[in-house]
Every structure is written in C-alpha cells, then in structure tokens.
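# Remarks on the overall topology
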There are 2 protein chains.
Amino acid sequence: MPKDGPDLSPPTVLRLSEYLLILEQFSKENKEIISSRELADAYGNNASQVRQDIFRLENSGRLGQGYSTWELAEEIRRTLGLSDIRKVCIVGIGNLGKALATHVPFSDYGMSLAAAFDTSPNIIGKNINDLQVQDFTELSKTIKDKNIVIGAICVPTNVAQSVCDTLVENGVRGILNYSRIRLKAPKHVSIQYQQVICSFMQLSYKVSND
Amino acid sequence: MPKDGPDLSPPTVLRLSEYLLILEQFSKENKEIISSRELADAYGNNASQVRQDIFRLENSGRLGQGYSTWELAEEIRRTLGLSDIRKVCIVGIGNLGKALATHVPFSDYGMSLAAAFDTSPNIIGKNINDLQVQDFTELSKTIKDKNIVIGAICVPTNVAQSVCDTLVENGVRGILNYSRIRLKAPKHVSIQYQQVICSFMQLSYKVSND
DNA sequence: TAGATTGTTAATCGATTAACAATC
DNA sequence: TAGATTGTTAATCGATTAACAATC
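### Describing the protein's contact with DNA strand D
Around DNA strand D sit 24 residues, and of these Ser36, Phe55, Ser60 and Leu63 of chain A together with Ser48 of chain B come closest. Sugar plus phosphate: this is where 59% of the atoms of DNA strand D within 4 Å of the protein reside. Within the side chain of Arg51 of chain B, one N or O atom sits 3.3 Å away from a base nitrogen of DNA strand D. Gln65 of chain B is positioned such that a nitrogen or oxygen atom in its side chain is 3.0 Å from a sugar or linking oxygen of DNA strand D. Elements with a contribution of two residues or more to the surface near DNA strand D: helix 3 (47–55) of chain A together with helix 1 (10–28) and helix 3 (47–55) of chain B. Among the residues forming the surface near DNA strand D, the class breakdown is five nonpolar, 14 polar and five charged.

As structure tokens, this is what we get:
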C-alpha cells in the first residue's frame, strides 16, 4: 500500500483535471454513477488508464460498482488542491486577458479570480465580473494582501519577464504564461506555457502526416 | 539509418515547435550558430534531449560545430509542414477569437489566417488585420474555396460540437478547441484541447505540492 | 593539436496497457 | 447467483538520459 503522499505524474494531473470537466457534464445530466469504461469513452482513452489514474487518489470508487460521479469529482478537486478556494490574478487586460477573466469558470472549480491589472488608463477602473481592473502599480500590495499564488501573464512579450519577476517577488508560485518568451524564474515556481502558435504548429504536423 | 518517414512522437513535435520560437529569438540577436547545450539552457531541458529531437529531423547540424540557427529553424519548419503556407480559420470572434486573430504571429511561422467567422451582426463585416469577419453561413463555401485545413473553435460551448461538425464536413483536419466540451470527430481529424481552466488546475496542484 | 560538439547507440526511467483476483 | 466492475500487480511500451566514437 504505497498510497500516500501527493506525487502524481504530470500526465495524470492533466487527465484528472480533464476528467473533472467530464464529471461535471455527467453530473448535470443527473448521472450519479459512472464506470471507468464510460469515463474513458468520454475522454478518449481506455478504462485501464482511467483506473490507474484514479488509483493514485486517496480513495475513489466502490469495488465492482463504479464511481459516484459526485464523490469522484470531490476527490479529484481535493487532490488538486482546490478545496480551499485558490486565488488567481490576471495581468494584462487586453482581448486575451478579458477573455480569460470573463470566460474561465474559476468559481466552478475551486478558484477565484481575485485581481486583474493593467497599465492603460482606458482600462484601469473598468469592471469585469464585479472585479475592478487595478493599476499595475498596485500589484505587489494586492497580491500580498489577498494571498494570491497563481497569476496569468497576458502582457506584451517585451514586458513579460519583468511582470514575471514582480509576481515571483511577491509570492506567486504558479504562472500561466501567454507571452511568447521563455520566462526565467526560480525552481520553486511552476510555469505553464500556453503558446498558441505552437498548438497550431502541432496541428500542422499532424495534418501533414496522415 | 532508419531516418526516413515522418514519425515524430508528440512530445518531440511539441518541443520542436517551441525550439522554433527560441531560434527566432537567437536569430534576431544575430546569433548564427547555436549548440545543443545553449538551446537546452534556453528551453529548460538538457542537451541530450535536444540532440535526440534534432536527430529525428532529416538533416541538421554540422558534426562538432553546432547548428546553424537559420538552417535548423528552416528544417524544423519543413518537418512541421510549414513550408507551403498553411491556411487557418477562426470561428467565433469574441474576445478570445479577436485575441488570437490579432496576436498569434501566423505569418512568421508558415501559416496564414485566411478567414474569420461569427454570427453576430455587430461583428460581421468588421476588419481585423486586413481580414473581414464573415457570416458563419459562408463558412462551408469559404473553407473549401480557400482550402483551409485548420480551424480554431472559439464559440460558446453549446454550439461547439455543431461548429466542429461543419468544419470537418468541409475538409478541416486539425482543430484547436477552446470550448469546454470534448468534441466528437472522425479519427483522421486531430483535435488539440486548450482548456484554460485545466492549466490553472495543474498549477494549483503544483502550488499545493512543493 | 586539443577542446568542443555532434550523431547515434545503449541504458534507464517512467508511463501505458494488460491481466485478473476480489468484490458487489 | 452471475455479470459487471474495481483495485492492484505485472508486462509492455515509449521516452529520456547517458555514453562515447567520429568529426571539426
């Protein structure tokens, strides 16, 4: 029983987060029990991998009976650290930042968008979802006061590194980077790259080769 | 010498596309030669993996001398199918679609944004980067006429599947999905999921566990 | 030349898939 | 009960890392 300590592999963590969206869907359709096979069909992998992923959780289904949609979702949430509402900020409220702020369902998944920053006077003070866009100069204070640990960088490439530095200085440990440069940050900081152009390139390769 | 046929693993394809951004950077700084070590340092992996990735390409560097920044970039582009300009469309020109249309540097990486669609009369006819947003009803004809093979879905979740179906019917074989549902499509169609909330969840896990 | 660096094979590591007893 | 399904170990597969001869 080597089942303790949180040490899920990155692919497993990614899939768990994606299962959560699917479980949400099933939940809405009032499906209370789901089997590894059904989840696999919805996801596009196989039942064995689903069970292997769920096996890593602290506890899970009922032997021989499938998983309770609700309990499984709850357990995934807990494992991903979403039980206590995690606070997030967005830096740079252009089209992209605005899109994230308005369309990402933070509150459905144990997070809350706690602050948004920009430097443009046209944007500062505007409201997005009951949240007022703040001046970038207030970033340090706000992040510390509100205990924000995750930040999305949606600023132009040339200022991305300096925004990253400021975030890190003030205690942010998870960064979603939409700029096109590779950021330098201390090892304790996790960076997720969202380089849209790279996704298009991957598609180009696939389209060329089958 | 088992070096033919295009059969790069997904992680390798992803990294190659990311190397390309880095090479671009070095190129701008007039660095003409780059070693596997330098590239690895910039990327954040190790020289061995860089060489292994490049080894998969048809040809590459000069033994003992490093890689020509320009030639390597060109070879990656070729391998990813970006030599002949690949045409792309975006469906749904809300904040997100607008952000992609304006900020993704398609033309720097062998692609071209050839069409954009929406259903709202407020948006149809507007110009983005010399491109006029078209009525969604023109999608089928336009995609076929212009030979568009890649599409980004930036529409609300409830219509995403039907947009996907229309794209596939008209010959699109690569889809970037920004909606929150899992799309059903024939096997010859590649789908890349860009579920932003999942990226945030992955960060949450990392932030919780180190 | 000697030091640096690639191309390429081999070794290691990790992730996926298969299998099946235990359970409901 | 019999059929379905999980939990978990073992087997397979693939990706990363190490090593080093060949080359400049």
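### Topic: the nonpolar core
Of all hydrophobic cores here, the largest spans 104 residues; its most connected members are Phe200 and Met201 of chain A together with Phe200 and Met201 of chain B. Ignoring anything within four residues of it in the chain, the contact list for Met201 of chain A reads Ser17, Leu20, Leu21, Leu80, Leu82, Tyr109 and Met111 of chain B.

### Topic: the pattern of salt bridges
This structure, assessed with the given rule, holds 18 salt bridges over all chains. Among the ionic pairs, Glu58 of chain B bridges to Arg78 of chain B, the shortest N-O distance being 3.5 Å. Here Glu58 of chain B, found in the loop between helix 3 and strand 2 (67–68), pairs with Arg78 of chain B, found in helix 4 (residues 69–79); they are 20 residues apart in sequence, far enough to count as distant. For Arg62 of chain B, the salt bridge is made with Glu71 of chain B, and the minimal N-O distance between the two is 2.8 Å. Residue class for Arg62 of chain B comes out partly exposed when judged on its relative accessible area of 38%. In this structure, a network of salt bridges that share partners links the residues Glu58, Glu75 and Arg78 of chain A.

### Considering the environment of Phe106 of chain A
Within the secondary structure, Phe106 of chain A is located in the loop between helix 5 (95–103) and strand 4 (111–118). Put simply, Phe106 of chain A and Ser140 of chain A are 34 residues apart on the chain and 22 Å apart in space, counted from C-alpha to C-alpha. Once residues within four sequence positions are removed from consideration, Phe106 of chain A is found in contact with Val88, Leu100, Met111, Ser112 and Leu113 of chain A together with Ile197 and Phe200 of chain B.

### Regarding the relation of the copies chain B and chain A
Turning chain B through 180° and shifting it by 0.0 Å along the axis lays it on chain A, with an RMSD of 0.0 Å. Between the two chains, the operation in question is that of a two-fold axis. Measuring from the rotation axis to each C-alpha of chain B, the shortest distance belongs to Asn95 of chain B, at 2.5 Å. Interface overlap between copies: 100% of the residues of chain B at the interface are likewise at the interface in chain A, consistent with a symmetric, same-surface contact.

### Side note on the side chain of Glu75 of chain A
Residue and element names in this part refer to chain A. You can see Glu75 is positioned in helix 4 (residues 69–79). Its relative accessible area of 8% is what places Glu75 among the buried residues. Look past the residues within four positions of Glu75 in its chain and what remains in contact with it is Leu57, Glu58 and Asn59.

### Notes on the protein's contact with DNA strand C
As a matter of local geometry, DNA strand C sits amid 24 residues, with Asn46 and Ser48 of chain A together with Ser36, Phe55 and Leu63 of chain B nearest to it. Of everything in DNA strand C that lies within 4 Å of the protein, sugar and phosphate atoms constitute 59%. Between DNA strand C and the protein, one listed contact pairs a phosphate oxygen with a side-chain N or O atom of Asn46 of chain A at 2.8 Å. Ser36 of chain B places a side-chain nitrogen or oxygen 2.5 Å from a phosphate oxygen of DNA strand C. Sorting the residues of the surface near DNA strand C by element identifies helix 1 (10–28) and helix 3 of chain A together with helix 3 of chain B as the ones contributing at least two each. The element contributing the most residues to the surface near DNA strand C is helix 3 of chain A, with four residues. Here the residues of the surface near DNA strand C sort into five nonpolar, 14 polar and five charged.

About the thresholds
Residue numbers run consecutively from 1 along every chain, following the written order of its sequence. Whichever chain is written first is A, and whichever ligand is written first is 1; the rest continue in order. Under the rules for a predicted model, residues below a pLDDT of 70 receive no local features and side-chain atom pairs below 80 are neither given nor counted, while totals for whole chains, interfaces and linings still include all residues. As a rule here, side-chain values come from all non-hydrogen atoms in the structure, and water together with hydrogens is ignored. If a single non-hydrogen atom of a residue is within 4 Å of a molecule or strand, that residue counts as near it. Pairs of N or O atoms are called polar contacts if they sit within 3.5 Å, as long as, within protein, a hydrogen donor faces a hydrogen acceptor (for residues adjacent in sequence, only side-chain-to-side-chain pairs). A run of H or I in DSSP becomes a helix once it reaches four residues, and a run of E becomes a strand once it reaches two; helices and strands are each numbered from the N terminus. Amino acid classes used here: Ala, Val, Leu, Ile, Met, Phe, Trp, Tyr, Cys and Pro are nonpolar; Asp, Glu, Lys and Arg are charged; the rest, including Gly, are polar. Buried residues of nine kinds, namely Ala, Val, Leu, Ile, Met, Phe, Trp, Tyr and Cys, make up a nonpolar core once their side-chain atoms join them within 4.5 Å. Each residue's exposure class comes from its accessible area (1.4 Å probe, protein chains only) as a fraction of the maximum for that residue type: buried when under 20%, exposed when over 50%, partly exposed otherwise. Contacts between residues were defined by any pair of non-hydrogen atoms, one from each residue, lying within 4.5 Å. A pairing counts as a salt bridge when a side-chain nitrogen of Lys or Arg comes within 4 Å of a carboxyl oxygen of Asp or Glu. Copy-to-copy superposition: least squares on the C-alpha atoms, limited to residues that have pLDDT of at least 70 in both copies.

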